[in-house]
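# Residue-level structural notes
One-letter residues, chain by chain:
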Amino acid sequence: MDRSWTPSRWRDLPAEQQPEWPDPHVLDQTLKSLSALPPLVFAGEARSLQRALAEVAAGEAFLLQAGDCAESFHDFTADSIRDKLKVILQMAVVLTYGAGVPVVKLGRIAGQFAKPRSSATEFVDGQWLPSFRGHVVNDDEPTLAGRTPDPTRMLTAYHQSASTLNLLRAFTKGGFADLSQVHTWNQQFVAGSPGGQHYDALAAEIDRALRFMRACGINLGGEASLQQVDFWTSHEGLILSYEEAMTRRDSLTGDWYDTSAHLVWVGERTRHPGGAHVDFLSGLSNPVAAKIGPDATPADVVGLCAALDPDRTPGRLTLITRLGAGRAPAILPGLLAAVRDAGHPVVWACDPMHGNTFTGQGGRKTRHFDHVLAEIREFFAVCRAAGAWPGGVHVELTGDNVTECLGGADEVLENQLELRYTTTCDPRLNASQSLDLAFHVADLLRGH
Ligand code: PEP
Ligand code: CO
């Protein structure tokens, strides 16, 4: 770690994607309040996640990173948090049971409120407006008042993150995530779908295995690993003043931790070494990640590794490729080889969502399940050919019965996109598409 680093050093560097806050005084007051609020996560937890990711880097575990594209201030209920957790737990069980590999469960949740935009303004209903940048910055409502950045939203985001995390901790440690509950995670609207039925059969096998162990005299009640799960949080570290205010020195080690989440990542638009975002992440002791798009060269990625993982620490850095279906065979081998030759023990994960977005006939942004699956297949094939471990997947999903992505075994058709399209940003897999995907990934992990 560079000892001259401070949480505010990014302010001297070019910082992309930062909102133009209208009132510096309100901004100042808000940041002061934020920096006095309790941390959301603790340094020791971030270190535990890094150890878990080190196992992924070593090829001994698999990373499932999943959640909303953008969490919403308008959709904030216990039910929606529970249902998102349910689908992630279901996917994890499918992967663990189906492939026999431990799964590191990392939510895009409890802080995923900021969105990078390709353009600072957009033309809606006959007028130019500031683009929607996520509820931590402005509202999605297309009015000038709604779209004007409001720094006090950072406090709302903090409090919503705290409540979300509180509920996640209760659910994952308080009995809900107990393996004997595996049937109850299948939601009613999913149960009838092919993925849901497949899941029910798998849950019945798990029940039978648990009954067998009990009958053999094994005291399952004493096994914490069957009753509780470790569930970690992550988001894109985009709004640097928010992340700076949440960054604190760990009293045990003296190291800096961003206490807004266990892991933060830099996006495809802000991953330049020498830029403010990479500099900010470079000084944190949390595990960190970076998105890698199709234009990244091997030299770019090695530069990023040098900035974010100078000590070559297993689990410190996750590289999330988002190339688009059809592109990995030409692009990924060079990246894998360059990072391997530079000696960085990174986790390689595949985001099959962001390279596969297109606008459907009705003008809705969407993604097709087949493209998502194709990109994951290519990721596995290229990693395997290069002798690298295909370490994880990164997906945008919701526990709700939405119609935002096309396809899946319980097929969503183009003319159904209008039915339940509720995302505030990118289209998400619904619960049955997510389960379907998990079964396919489990097959790939088994080597089929
Ligand atoms: C995202 O993860 O929502 C995102 C914007 O991704 P990327 O930076 O890969 O475009
Ligand atoms: Co997205």
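Our structure's up above, just so we're on the same page.
The following refers to the structure shown. (Residues numbered from 1 in each chain as written. Chains lettered and ligands numbered in written order. Predicted model: local features only at pLDDT ≥ 70, side-chain atom pairs only at ≥ 80, totals over all residues. Heavy atoms only, no water.)

### Brief notes about the overall build of the protein
Formally: Only DSSP runs of H or I with at least four residues qualify as helices, and only runs of E with at least two residues qualify as strands; both kinds are numbered from the N terminus onward. What the globule rule says is 2.2 Å times the number of residues to the power 0.38, and the radius of gyration is computed from C-alpha atoms. Here's how the labels work: a residue is buried when its accessible area is under 20% of the maximum for its type, exposed when over 50%, partly exposed in between, all with a 1.4 Å probe on protein chains only. What makes two residues a contact is simply this: any of their non-hydrogen atoms within 4.5 Å.
Summing up its helical and strand segments, the protein has 14 helices and 14 strands in all. In terms of C-alpha radius of gyration, the protein reaches 21 Å, essentially the compact-globule figure of 22 Å for 448 residues. For the protein, with 448 residues in total, the buried portion stands at 57%. Pairs at least 24 residues apart make up 76% of the contacts formed inside the protein by residues separated by at least 6 positions.

### Quick word on the coordination of the cobalt ion (ligand 2)
Put simply, the rule reads: Water is not among the atoms examined, so metal sites may look incomplete; donors are the N, O and S atoms within 2.8 Å of the metal, or within 3.2 Å for Na, K and Ca.
Within the protein, the cobalt ion (ligand 2) binds to Cys-69 (SG), His-354 (NE2), Glu-396 (OE) and Asp-426 (OD); these donor distances fall in the range 2.1 to 2.4 Å. Mapping the donors of the cobalt ion (ligand 2) onto the primary sequence gives the spacing C-x284-H-x41-E-x29-D. Here the residue Cys-69 occupies a position in the loop between strand S1 (62-67) and helix H3 (78-99), and His-354 occupies one in the loop between strand S11 (347-350) and strand S12 (358-359), the gap between them amounting to 285 residues. For His-354, a relative accessible area of 18% corresponds to the buried category.

### Re the packing of aromatic side chains
Stated formally: Ring geometry is summarised as follows: Phe, Tyr and Trp rings, the Trp one being its six-membered ring, pair when their centres sit within 6.5 Å, and such pairs are stacked at plane angles under 30 degrees, edge-to-face over 60 and tilted between the two.
With the rule as written, the count across this model stands at 7 aromatic pairs. An angle of 45 degrees between the planes, with centres 4.7 Å apart, marks the rings of Phe-171 and Phe-176 as tilted. Comparing Phe-171 with Phe-176, the two get one shared label, buried. Measuring from ring centre to ring centre gives 6.2 Å for Phe-379 and Phe-380, while their planes differ by 80 degrees; the resulting arrangement is edge-to-face. Joined through ring pairs, the aromatic side chains of Trp-5, Trp-256 and Phe-280 make up one cluster.

### Considering helix H1 (residues 24-36)
Inclusion rule: Expected span of a helix, by definition, is 1.5 Å for each gap between consecutive residues, and there is one gap fewer than residues. This arc describes the spread of directions from the helix axis toward the C-beta atoms.
In a regular helix each residue adds 1.5 Å, so 13 residues correspond to 18 Å; H1 covers 19 Å between its end C-alpha atoms and thus fits that length. Leu-27, Thr-30, Leu-31 and Leu-34 are the residues of H1 that are buried. The buried residues of H1 occupy an angular sector of 100 degrees when the element is viewed end-on, so they sit on one face. Opposite its buried face, H1 presents the exposed residues His-25, Lys-32 and Ala-36, each directed more than 90 degrees away.

### Comments concerning the sheet that holds strand S9 (residues 288-292)
The condition that has to hold: Here, a strand pair is defined by DSSP locating no fewer than two bridges between the strands. Only C-alpha atoms enter the line fits that serve as axes; for helices the fit covers just the stretch in contact. Angles between N-to-C directions range over 0 to 180 degrees.
The strand order around the closed barrel formed by 8 strands is S1-S2-S5-S8-S9-S10-S11-S14, and the pairing between neighbours is parallel. Adjacent strand axes in the sheet meet at a mean angle of 25 degrees when their direction is disregarded. Pairing of S11 with strand S14 (residues 392-396), which is carried by 2 bridges, proceeds in the parallel orientation. Looking at S14, one finds that Ala-349 is bridged to Gly-392. Packed onto the sheet, helix H2 (residues 43-57) meets S1, strand S2 (103-108), strand S5 (231-236), strand S8 (263-266), strand S10 (317-321) and S11 and runs at close to 125 degrees relative to S2.

### Quick notes on the site of ligand 1
Formally: Think of it this way: one heavy atom of a residue within 4 Å of a molecule or strand is enough to make that residue near it. Polar contact is defined as a pair of N or O atoms within 3.5 Å, subject to the rule that within protein one atom must be able to donate a hydrogen and the other to accept it, and that residues adjacent in sequence are counted only when both atoms are side-chain atoms. Classification used: nonpolar for Ala, Val, Leu, Ile, Met, Phe, Trp, Tyr, Cys and Pro, charged for Asp, Glu, Lys and Arg, polar for all others including Gly.
Around ligand 1, the structure places Cys-69, Arg-108, Lys-115, Pro-116, Gly-267, Glu-268, Arg-269, Lys-291, Arg-322, His-354 and Glu-396. Side-chain polar atom of Lys-291 to an oxygen atom of ligand 1: 2.7 Å apart, as the coordinates give it. Between ligand 1 and Arg-322 there is a distance of 2.6 Å, counted from an oxygen atom to a side-chain nitrogen or oxygen. For the shell around ligand 1, the per-class residue count stands at 2 nonpolar, 2 polar and 7 charged.

### Quick look at the pattern of salt bridges
What counts, and what does not: Any Lys or Arg side-chain nitrogen located within 4 Å of an Asp or Glu carboxyl oxygen qualifies as a salt bridge.
If you walk through the whole model with that rule in mind, you get 23 salt bridges. Ionic pairing is found between Glu-244 and Arg-11, a salt bridge with its closest N-O pair at 2.9 Å. Of this pair, Glu-244 sits in helix H9 (residues 240-245) while Arg-11 sits in the segment before H1; the two residues are 233 residues apart in sequence, bridging distant segments of the chain. Classification of Glu-244 as buried rests on a relative accessible area of 18%. The partner of Arg-82 in a salt bridge is Asp-83, and the shortest N-O contact between them spans 3.1 Å.

### Description of the environment of Gly-408
Position of Gly-408 relative to the elements: it lies in the loop between S14 and helix H14 (431-446). Taking the C-alpha atoms as reference points, Gly-408 and Ser-434, separated by 26 residues in sequence, lie 8.8 Å from one another. When near neighbours in sequence (up to four residues on either side) are disregarded, Gly-408 contacts Phe-369, Gln-433 and Asp-436.

### As for the layout of surface pockets
Just so we agree on the cut-off: Definitions used throughout: a 1 Å grid over protein atoms alone; a cavity as a set of points that fits a 1.4 Å probe which cannot get out; a pocket as an open set with protein on both sides within 12 Å along at least five of seven lines; a lining residue as one with an atom within 4 Å of a point. Grid points are joined across faces, edges and corners, and a volume is the space filled by probe spheres set on the points.
In this model, the largest pocket occupies a volume close to 610 Å³. Secondary-structure elements contributing two or more residues to the lining of the largest pocket are H2, H3, S2, helix H7 (194-215) and helix H8 (224-227). Per-element tally for the lining of the largest pocket: the top contributor is H3, with 5 residues. Among the residues forming the lining of the largest pocket, the class breakdown is 19 nonpolar, 3 polar and 3 charged.

### Observations regarding the nonpolar core
Convention followed: Residues grouped as a nonpolar core are buried Ala, Val, Leu, Ile, Met, Phe, Trp, Tyr and Cys residues, joined through side-chain atoms within 4.5 Å.
Leu-319 and Leu-332 are the most contacted members of the largest nonpolar core, which totals 109 residues. Among the elements that take part in this core, H3 stands out by supplying 11 residues, more than any other. Counting residues in hydrophobic clusters, the runner-up holds 15 residues, among them Val-56, Ala-61, Leu-263 and Ala-349.

### Re the pairing of S10
We count it as follows: By definition, the crossover connecting two strands over a helix is right-handed if that path, from the first strand to the second, turns clockwise as seen with the strands pointing away from the viewer.
Burial analysis of S10 places 5 of its 5 residues in the buried class, the great majority of the element. Side chains Leu-317, Leu-319 and Thr-321 of S10 all project onto a buried face; the interleaved residues Thr-318 and Ile-320 project onto the opposite face, where all are buried too. Relative to S10, S9 runs parallel, the two sharing 5 bridges. Across the sheet, Ala-289 pairs through a bridge with Thr-318, a residue of S10. The parallel pair S9 and S10 is bridged by helix H11 (residues 298-308), and the resulting crossover is right-handed. Here S10 pairs with S11 via 4 bridges, running parallel. Within S11, the residue paired with Ile-320 across the bridge is Ala-349. Of the crossover connections in this fold, the one passing from S10 over helix H12 (residues 328-341) to the parallel S11 is right-handed.

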